[in-house]
Amino acid sequence: MQKYKIWAGTFLLVILGACASPTPPVPAPLQPAVHTQPQAGSTAATVVEITAPVWVASLSDAVNAAPLVSGDLVIVPTADGMLHVLKAKTGEIAWVYSGEVKVWDASVNADETKVCAGLEGRKVICLDVKTGVPLWTASLELEVQSRIALTSDRVFAPTTHAGPGLETDFNAQASLVALDASNGAVIWQSLTENYILRRPVVNGNIVITGGAYQLPEKPDGEVATGIYAFNTEDGSLLWEYRSNDGLLRWVESDDDLVFFSAASEIVYALNLNDGRLLWQDGPGYWMQFPVMNNGQIYFGSGDENFHAYNASTGVETWSHMIDLSSINQIGRPILRDNSIWFNSVTGEIYSLDVNNGERLATIYTEQSARVGGALYESFYIMGDPQGKVYAYSVQ
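Quick caveat: nothing in here was measured; it's all calculated off a predicted structure.

### With respect to the overall build of the protein
- Summing up its helical and strand segments, the protein has zero helices and 35 strands in all.
- Relative to its full complement of 395 residues, the protein shows a buried share of 59%.
- Total accessible area computed for the protein in this model is approximately 15,700 Å², and 49% of it derives from carbon and sulfur atoms.

Put into structure tokens, the structure is as follows:
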């Protein structure tokens with residue numbers, strides 16, 4: 001079995017008021033500069049959309065976590081540990097959170113009422129999403145540096161023994177912590193054999209998370225993948241799945257399926273109820289966060305292709321090659337109606353038909369990006385390493 005050695009020095013987890021002014025009129029969208037460009041594997045011409053943004057906002061530091069949309073607000077954490085909330089229509093600052101300690105930017109998540117994040121110093125904070133007023137702060141035993149999962153009554157915080165500012169302990173155990181969404185009280189805490197937990201997802205009354213654990217009698221850093229499913233109410237372990245795939249990249253769940261991918265670049269599909277392996281496959285390249293819909297799983301990979309797989313069987317439905325100059329797709333794709341949207345490292349924004357992968361649009365932004373974007377009405381919103389956020393018209 002192939003082993004994957006993950007050294008502590010490589011764990012650069014890209015993780016983690018102000019007064020609102022009157023809203024000015026929304027700028028009229030710029031007219032698109034329409035061109036055509038040949039597309040690999042297609043006889044249709046590609047329409048290149050506008051290249052100029054509708055609005056630009058300048059923030060305090062690099063944007064290393066994808067923007068989040070809540071109502072008419074866009075939430076953007078920055079690498080310096082601040083939380084910026086913008087008005088989605090204009091890019092104006094609605095409020096900024098800058099506490100005594102930094103926000104771990106990759107931990108931030110939001111819903112329609114609150115935005116929550118891990119804070120340096122083993123804390124979790126939730127703020128009112130409209131005003132930025134703190135609702136509560138909870139003290140935990142470990143740092144929370146990966147994305148928190150939210151429901152109407154629970155905040156699920158994945159803890160870690162590895163990450164920025166931490167001395168990695170491969171043999172330590174991290175816990176998933178369930179907090180009361182109304183006051184931050186700890187409801188349950190479930191210990192795992194993983195030294196790091198990442199990005200839990202909730203599916204009904206089950207919350208799934210994963211990470212990596214130290215292989216017994218192996219050198220420090222020679223790790224395997226551990227996936228855990230817990231009951232959301234009491235934290236009881238429902239099942240566990242292990243594989244020799246190294247550090248977890250992502251875990252997702254939809255319908256009665258759980259998917260994950262780790263350092264081996266293979267997609268695993270498990271049964272939600274018992275963790276049984278259903279299929280495993282993949283392009284053999286780095287795979288970005290997926291999105292699921294209508295029995296399909298969609299994701300981009302490091303081979304400059306965007307893929308659609310049948311979620312139940314693992315059979316590829318279609319693939320689409322993006323421009324070679326774009327390097328690859330990053331971040332989480334976004335579904336809207338019958339289209340799927342995503343951006344590349346070099347800033348191109350793509351829209352594909354979810355049914356067959358046909359390219360519907362390409363927007364050349366001439367900006368770089370480290371993470372994916374967000375959709376708000378007719379805007380695709382993304383940030384760059386220089387701390388700017390851009391909104392592009394995608395009508």
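### Points about unusual backbone geometry
- Backbone geometry at Arg 122 places phi at a positive 65°, although glycine is not the residue there.
- Here Arg 122 shows up in the loop between β10 (114-119) and β11 (123-128).
- Here Arg 122 falls in the partly exposed class, since its relative accessible area comes to 43%.
- Look at Glu 377: it is not a glycine, yet its phi comes out positive at around 50°.
- Mapped onto the elements of the fold, Glu 377 is located in the loop between β33 (374-376) and β34 (379-383).

### What about the pattern of salt bridges?
- Following the criterion strictly, the structure yields nine salt bridges and no others.
- Between Glu 233 and Arg 154 there is a salt bridge, with the nearest N and O atoms lying 3.2 Å from each other. Of the two residues, Glu 233 is situated in the loop between β19 (222-231) and β20 (237-243) and Arg 154 in strand β14 (residues 154-158); the sequence distance between them amounts to 79 residues.
- Classification of Arg 154 as buried rests on a relative accessible area of 11%.
- With a shortest N-O distance of 2.5 Å, Arg 332 and Glu 252 are connected by a salt bridge. Here Arg 332 is found in strand β29 (residues 329-336), whereas its partner Glu 252 is found in strand β21 (residues 248-254), with 80 residues between them in sequence.
- You can call Arg 332 partly exposed: its relative accessible area is 23%.
- Its relative accessible area of 10% is what places Glu 252 among the buried residues.
- Each of Asp 153, Arg 154 and Glu 233 takes part in one network of salt bridges that share partners.

### Remarks on the sheet that holds strand β13 (residues 149-150)
- Reading across the sheet, the four strands line up as β13-β14-β15-β16 and stay open at both edges, with antiparallel pairing between neighbours. Lying at the two open borders of the sheet, with one neighbouring strand each, are β13 and β16 (186-191).
- The pairing of β14 with strand β15 (residues 175-180) spans five bridges and is antiparallel. The partner of Ala 157 across the bridge, within β15, is Val 177.

### Some thoughts on the sheet that holds strand β23 (residues 267-271)
- Spatially, the four strands line up as an open sheet ordered β21-β22-β23-β24, and their pairing is antiparallel. With partners counted over all chains shown, the strands left at the sheet margins are β21 and β24 (277-281), one partner each. The sheet shows a mean angle of 15° between the axes of neighbouring strands, taken without regard to direction.
- Sheet analysis places β21 next to strand β22 (residues 257-262), joined by six bridges and oriented antiparallel. Its bridge partner being in β22, Asp 254 is matched across the sheet by Leu 257.

What counts, and where the lines are drawn
- Residues numbered from 1 in each chain as written.
- Predicted model: local features only at pLDDT ≥ 70, side-chain atom pairs only at ≥ 80, totals over all residues.
- Heavy atoms only, no water.
- Helix = DSSP H or I, 4+ residues; strand = E, 2+ residues; numbered from the N terminus.
- Buried < 20%, exposed > 50% of the residue type's maximum accessible area, 1.4 Å probe, protein only.
- Areas by Shrake-Rupley, 256 points an atom, 1.4 Å probe, with all protein chains shown as cover.
- Salt bridge = Lys/Arg side-chain N within 4 Å of Asp/Glu carboxyl O.
- Pairing = 2+ DSSP bridges.
- Axes fitted to C-alpha atoms, helices over the stretch in contact; angles between N-to-C directions.

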